[in-house]
Each structure stands twice: as structure tokens, then as C-alpha cells.
Amino acid sequence: MVSIREATDKAIAFARAALGPERTADVRLEEVESTTLDGQDAWLITLSMISPDDDLLNIVAGISHRRREYKIFTVLKSDGEVKSMKIREMANA
């Protein structure tokens, strides 16, 4: 069975491969939840990363606050396969 740490590492590696280094700057683990997907146990791993568009605008404007993007990764507990990546909308973000 894949641990939370291993599932997080798989999600981060998937994000970096799919989105590239500029979109995965300063990756942070935000949430972990256990779930079932099509009868298989899985982890829902929420990661956040700095929004590259906001980062550039903030540098130009001299603002230090950086907006983050949130994504949920579904990782199977049995083998660590990443089954999906979805945008996580945040309330009041």
C-alpha cells in the first residue's frame, strides 16, 4: 500500500511532468483525504503552487503577496498510479 508521503511524491512528480517547472514553483501539500475510486482505495492529494501569471504581475507591481493555484490529484493506494489531476476552486480566493 502506498503511504501518504509516497502518494504526495507521486502527485508532485506528475504535476512537474505535466505542468513544467514554471507552473510548479514552490509546491506545497495542502490536504490529504482517503477515498474510493471505482472500487479502489485512493488518496486525494491537494497541492498548491504559485500562479505564474500572478507572480509576474506582482513583481512588476512590487507586491509581495502571491496567489496560489490548487490542484487535486487522485492517487491509487495499491500502486501509486496518478489517475487524475483537477483544478481545486477555493472559496474567496
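Coordinates for the structure precede this section.
Residues numbered from 1 in each chain as written. Predicted model: local features only at pLDDT ≥ 70, side-chain atom pairs only at ≥ 80, totals over all residues. Heavy atoms only, no water.

S.K.: Tell me what's going on with the nonpolar core, and back it up with residues and numbers.
M.R.: Ranked by size, the top nonpolar core spans 14 residues in total, and within it Ala7, Ala11, Ile45, Leu47, Phe73 and Val75 carry the most contacts. Elements that contribute at least two residues to this core include exactly α1 (4-19), β2 (40-50) and β3 (68-76). (Core = buried A, V, L, I, M, F, W, Y, C linked by side-chain atoms within 4.5 Å. Buried < 20%, exposed > 50% of the residue type's maximum accessible area, 1.4 Å probe, protein only. Helix = DSSP H or I, 4+ residues; strand = E, 2+ residues; numbered from the N terminus.)

S.K.: I'd like a description of the pattern of salt bridges, backed by residues and values.
M.R.: One pass over the full model with this rule turns up six salt bridges. Taking the shortest distance from any N to any O, the salt bridge between Arg5 and Asp9 comes out at 2.8 Å. Placement of the pair is Arg5 and Asp9 together in helix α1, with a separation of four residues, close to one helical turn. Put simply, Arg88 and Glu31 hold a salt bridge, and the shortest N to O gap is 3.2 Å. Of this pair, Arg88 sits in the segment after β4 (82-87) while Glu31 sits in strand β1 (residues 28-37); the two residues are 57 residues apart in sequence, bridging distant segments of the chain. The exposure class of Arg88 is partly exposed, given its relative accessible area of 25%. Taking the relative accessible area as the measure of exposure, Glu31 reaches 39% and is therefore partly exposed. (Salt bridge = Lys/Arg side-chain N within 4 Å of Asp/Glu carboxyl O.)

S.K.: Tell me about the side chain of Lys71, and please be specific about residues and values.
M.R.: Topologically, Lys71 is positioned in strand β3. There is no salt bridge for the buried Lys71, and the closest opposite charge comes from Glu69, which lies 4.3 Å off by N-O distance. Setting aside chain neighbours within four positions, we find Lys71 in contact with Leu19, Arg23, Ile45, Thr46, Leu47, Met85, Lys86, Ile87 and Arg88. (Lys, Arg positive; Asp, Glu negative; His and termini not counted. Contact = heavy atoms within 4.5 Å.)

S.K.: Can you tell me about the pairing of β2, naming the residues and giving the values?
M.R.: In terms of burial, β2 is a largely internal element, nine of the 11 residues being buried. Strand direction decides the pairing type here: β1 and β2, joined by nine bridges, are antiparallel. In the strand pairing of β2, Glu33 is matched with Leu44. If you look at the hairpin formed by β1 and β2, you'll find two residues sitting between the two strands, and Asp38 has a positive phi there, around 50°. Of the strand pairs in this sheet, β2 and β3 are connected by nine bridges, and their pairing is antiparallel. The residue of β3 that forms the bridge with Trp43 is Val75. (Pairing = 2+ DSSP bridges.)

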